[in-house]
Amino acid sequence: MRGAVLTGALVALCSAMLSAETLNVVTGDVTYRFAVEKTGDMPYTAGTTLTIQGKVFDLTGISAMYVDPTDAAANTVAVHYDGSRASVVVDGDIAAYVTVGVTGADVSVSQDSSVGSDTCGEITYTLSGNSGSGSFSMTGSYKATVVLDGLALANPAGAAIDIQDGKRIRLTVADNTSNSLADGAAGSQKGCIVCKGHMEIGGGGSLSVTGNTGHGIYAKEYVTLRDAAVTVDAAVKDGLNCNQYLTISGGSLTISGTGDDGIQVSYKDDTDRTAEDTGSITIEGGTISVSATATAAKAIKADGDIYISGGSVKASVSGGGKWDEKSSKTKASTCISADGNMTISDGAVLDLRATGAGGKGISIDGNLNISGGSVTINTSGGIFAYVNGTEYDGYTGNTDRLDSDCKSSPKGIKADGDIVIDRGTFDVTTTGNGAEGIESKAQLTINGGTFTLNTCDDAINSSSHMYINGGTITAVATDNDALDSNGNMYIRGGHIVALGARAPECGIDANEEDGYTVIFTGGTLLAVGGGNSVPSTAESTQPYVTGNSGVTAGSTVTLKDGDTLLASFTIPANYSMSGGMGGGGGWRPGGNSGGSVLVSCAGLTSGKTYTLTCGSSSTSVTARLTGSGGGGRPW
């Protein structure tokens, strides 16, 4: 009897379809919409099934069939959430290629393995509406697009969006829409948004994400951000975690409230390695703001290299350090960290702040190359140390004999490899005990740029040779050396003001204790400190003068040959010679007077007398090419 009724209904529908545009077939909460001109023959088999455009329907599951004059949206699955329920509309062209399940507000879609360019092509999933107890999941093996179109979705039992498709997934945040996603705290999911493949995020709307179990956003492969506004408000683990690489070329990414790193990019976590599996981060544009408060957390962390050529990057960390039993070394918070190399170029604007013990602005295991941009760094934490089984925040004891693995000193910029800076603007302030400005654990070269460095420990430090070929450098170290090279220090160009602490610290220190020296062949240099290294080799061809006049904040230091001005330097208004005993506590008597003054510049002749004026005090000085060292210790 049911077959006869449905047969009659189909005859009526067929008659209506002669003038209608779309045939609607409703099964539960899913409506399939077929364009009339595409339906063709619709086999009705054994009174049990109806086939339309290759989609086979069980007649017992059809709750309604009707026609209407509206067009079906091409290649689209539209999901709308309404409280505890969800409704789904499927375009007839792709009906045969998807299996849709709806339970309450949980929607699952399975793409057939035949989906591809030779069949229906890419499918778009559009999600809208509101639900506090819903989810969207999709499986497949061909690229797809997911559009968030005014969606507020929370899944108390798992991921809000779970895409188990290893291909390219385009996540589009629809223009002029606000969207929010949250997952459940009791699940086992890797993130609020989970993507098995690589995810491209774009669109002109906004998206906020909360990860209550794992990461905020997780992708097994790479992630790109182009022009959406994405905010991770909280995450139990990382704000954004992906493998292969991350590229940001536009839009905005704001991350806070994380239990671990803000951004973490790793090598792919299986053996299927590809050329794309670099673990790198590339920032070409956009606005990035990341705050990480967890202990030893990184605001931005790459297992590979980091490239920043544009955009605005603001990062802060405050979690301090910890002792890692597994690696038997201390770890500390860092704004930007890379296990590989890092490159910063024109167009990049960085504002980095670290407040916890041992915190760093930039920490690179490889080489650091900078060819432009603006870098502002502030650190205020002291030394984190692990001593005889006890962890110390802001350690003030002597660290000279403490193993390097048992301490993390705060630093503005640190690279285990070479540092090469060609140009750019740098403003680095480090106020905590033991805090250095720019440090290379290998060789350091400055070819240009403008530097304003105010530090507690060394303002610029290299474990090997240091080359200054150009640039404008103002370096003030309140408790150690302004420029400290553990190899030779080559001053070949630039305009340098290097103001160190009282004896035994220096304005410039080339580790003469181990046989190294400063070498002057150019540039204009003022060095003030408890002592200064001086050249000891004929390789140094530009003479220098020394004196012991007092240098005060805001004053001017000049060197003249009669009435001819050879060099002029302005002392920063915040300068106060203090410190001494560097590296781990020491005394700080303060005051503005005293200290050794060294000037080297073009126009000097060895053996000739000149007038050195510091503020209102003038003295006669004689130029020399070499002399006996006045450098401090190799710290």
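Going by the structure above, here's the rest.
From a predicted model like this one, the values you see are computed outputs, not experimental measurements.

Observations regarding the overall build of the protein chain
Broken down by element type, the protein chain carries 2 helices and 59 strands. Over its C-alpha atoms the protein chain spans a radius of gyration of 33 Å, topping by over 25% the 26 Å that the globule rule assigns to 635 residues. By residue count, 56% of the 635 residues in the protein chain fall in the buried class. Taking the intrachain contacts of the protein chain between residues at least 6 apart in sequence as the baseline, contacts between residues at least 24 apart amount to 64%. Each charge class in the protein chain was averaged separately, 38 positive and 64 negative side chains, and the resulting centres sit 3 Å apart.

Here we look at the layout of surface pockets
What the largest pocket holds in volume is close to 1300 Å³. Together, 48 residues line the largest pocket, and K360, S404, K407, S408 and S409 are the ones closest to its centre. Those elements giving two or more residues to the lining of the largest pocket turn out to be β29 (298-302), β32 (321-324), β33 (329-332), β34 (334-338), β37 (360-364), β41 (407-408), β42 (411-415) and β44 (436-440). For the lining of the largest pocket, the element with the highest residue contribution is β33, accounting for 4 residues. Residue composition of the lining of the largest pocket, grouped by class: 8 nonpolar, 17 polar and 23 charged.

Quick notes on the nonpolar core
Grouped together as the largest cluster of nonpolar side chains are 129 residues, with contacts concentrated most on F136 and L350. If one sorts the elements of this core by residue count, strand β13 (residues 144-154) sits on top with 5 residues. Excluding its chain neighbours within four sequence positions, the residues that come into contact with F136 are V79, Y81, V107, V109, Y125, L127, L153, A160, I161, D162 and I163. Residues V497, V557, F569 and M577 belong to the second largest nonpolar core, which totals 23 residues.

Points about the pairing of strand β49 (residues 472-477)
In terms of strand pairing, strand β46 (residues 450-455) meets β49 through 6 bridges, oriented parallel. Among the inter-strand pairings, L453 is bridged to a residue of β49, identified as A475. With 5 bridges connecting them, β49 and strand β51 (residues 489-499) associate as parallel partners. In the strand pairing of β51, A475 is matched with A498.

With respect to the pattern of salt bridges
A complete count under the given rule lists 17 salt bridges for this structure. Between E436 and K411 there is a salt bridge, with the nearest N and O atoms lying 2.8 Å from each other. With E436 in strand β44 and K411 in strand β42, this pair connects stretches of sequence that are 25 residues apart. When its relative accessible area of 6% is taken as the criterion, E436 is described as buried. A salt bridge links K411 to E439, with the shortest nitrogen-to-oxygen separation between them at 3.0 Å.

Thoughts on the sheet that holds strand β40 (residues 390-395)
If you trace the 3 strands from one edge of the open sheet to the other, you get β40-β39-β41, paired in antiparallel fashion. Each of the sheet's edge strands pairs with one partner strand only, and the pair in question is β40 and β41.

Overview of the packing of aromatic side chains
Following the criterion strictly, the structure yields 9 aromatic pairs and no others. Seen in terms of ring centroids, Y467 and Y490 are 4.6 Å apart; in terms of plane orientation they differ by 5°. Their pairing is stacked. One end of the pair, Y467, is in strand β48 (residues 466-468); the other, Y490, is in strand β51, with 23 residues separating them in the sequence. For the pair Y467 and Y490, a shared accessibility class is recorded, and that class is buried. Ring geometry for F520 and Y544: centres 6.1 Å apart, planes at 70°, overall edge-to-face. Taken as a pair, F520 in strand β53 (residues 518-529) and Y544 in strand β54 (residues 544-547) lie far apart in primary sequence, 24 residues in all. By relative accessible area, F520 is classed as buried at 0%. Within the aromatic cluster, the residues linked to one another by ring pairs are Y32, F34 and F57.

Brief notes about the environment of G366
Mapped onto the elements of the fold, G366 is located in the loop between β37 and β38 (368-379). Using a relative accessible area of 12% as the deciding quantity, one classes G366 as buried. Taking C-alpha positions, G366 is 16 Å from V265, a pair spaced 101 residues apart along the chain. Non-local contacts of G366, meaning those with residues more than four positions away in its chain, are made with D339, G340, N341, A415, D416, G417 and D418.

Overview of the sheet that holds strand β3 (residues 44-45)
One open sheet accounts for 3 strands, arranged β3-β4-β5; its pairing is antiparallel. Only two strands of the sheet have a single partner each, and these edge strands are β3 and β5 (55-58). Sheet topology note: the β3/strand β4 (residues 49-52) ladder contains 2 bridges and is antiparallel. When the bridges of β4 are listed, Y44 appears paired with L50.

Examining the environment of S84
Here S84 is to be found in the loop between β7 (76-82) and β8 (85-91). For S84, a relative accessible area of 54% corresponds to the exposed category. Apart from the residues lying within four places of it in its own chain, the contact partners of S84 are G104, A105 and S133.

Describing the side chain of T258
If you trace the backbone, T258 turns up in the loop between β25 (252-255) and β26 (263-266). At a separation of 3.0 Å, a polar atom in the side chain of T258 contacts the main-chain carbonyl oxygen of D260. Sequence-distant contacts of T258, that is, excluding residues within four places in its chain, are made with A235, K237, D238, G239, S291, A292, T293 and A294.

So, the pairing of β44
Regular strands place side chains that alternate from one sheet face to the opposite one. Counting buried positions along β44 yields 5 of 5 residues, so the element is predominantly enclosed. Both β42 and β44 contribute to a ladder of 4 bridges, which runs parallel. Its bridge partner being in β44, A415 is matched across the sheet by S440. Sheet topology places β44 next to strand β47 (residues 460-462); 3 bridges connect them, and they run parallel.

Quick word on unusual backbone geometry
Cis peptide bonds are those with omega within 30 degrees of zero, and the linkage from A503 to P504 qualifies with 10°. Looking at where P504 falls in the secondary structure, it is placed in the loop between β51 and β52 (508-509). The backbone of Q244 sits at a positive phi, close to 75°, despite the residue not being glycine. Relative to the elements of secondary structure, Q244 occurs in the loop between β23 (240-243) and β24 (245-248). Using a relative accessible area of 2% as the deciding quantity, one classes Q244 as buried.

Here is what the cut-offs are and how they apply
Residues numbered from 1 in each chain as written. Predicted model: local features only at pLDDT ≥ 70, side-chain atom pairs only at ≥ 80, totals over all residues. Heavy atoms only, no water. Helix = DSSP H or I, 4+ residues; strand = E, 2+ residues; numbered from the N terminus. Rg over C-alpha atoms; globule rule 2.2 N^0.38 Å. Buried < 20%, exposed > 50% of the residue type's maximum accessible area, 1.4 Å probe, protein only. Contact = heavy atoms within 4.5 Å. Lys, Arg positive; Asp, Glu negative; His and termini not counted. Charge placed at Lys NZ, Arg CZ, Asp CG, Glu CD. 1 Å grid on protein atoms, 1.4 Å probe; cavity = no way out; pocket = protein on both sides within 12 Å on 5 of 7 lines; lining within 4 Å. Points joined across faces, edges and corners; volume = space filled by probe spheres on them. Nonpolar A, V, L, I, M, F, W, Y, C, P; charged D, E, K, R; others polar. Core = buried A, V, L, I, M, F, W, Y, C linked by side-chain atoms within 4.5 Å. Pairing = 2+ DSSP bridges. Salt bridge = Lys/Arg side-chain N within 4 Å of Asp/Glu carboxyl O. Phe/Tyr/Trp six-rings, centres within 6.5 Å; stacked < 30°, edge-to-face > 60°. Polar contact = N/O pair within 3.5 Å; in protein donor to acceptor, adjacent residues only side chain to side chain.

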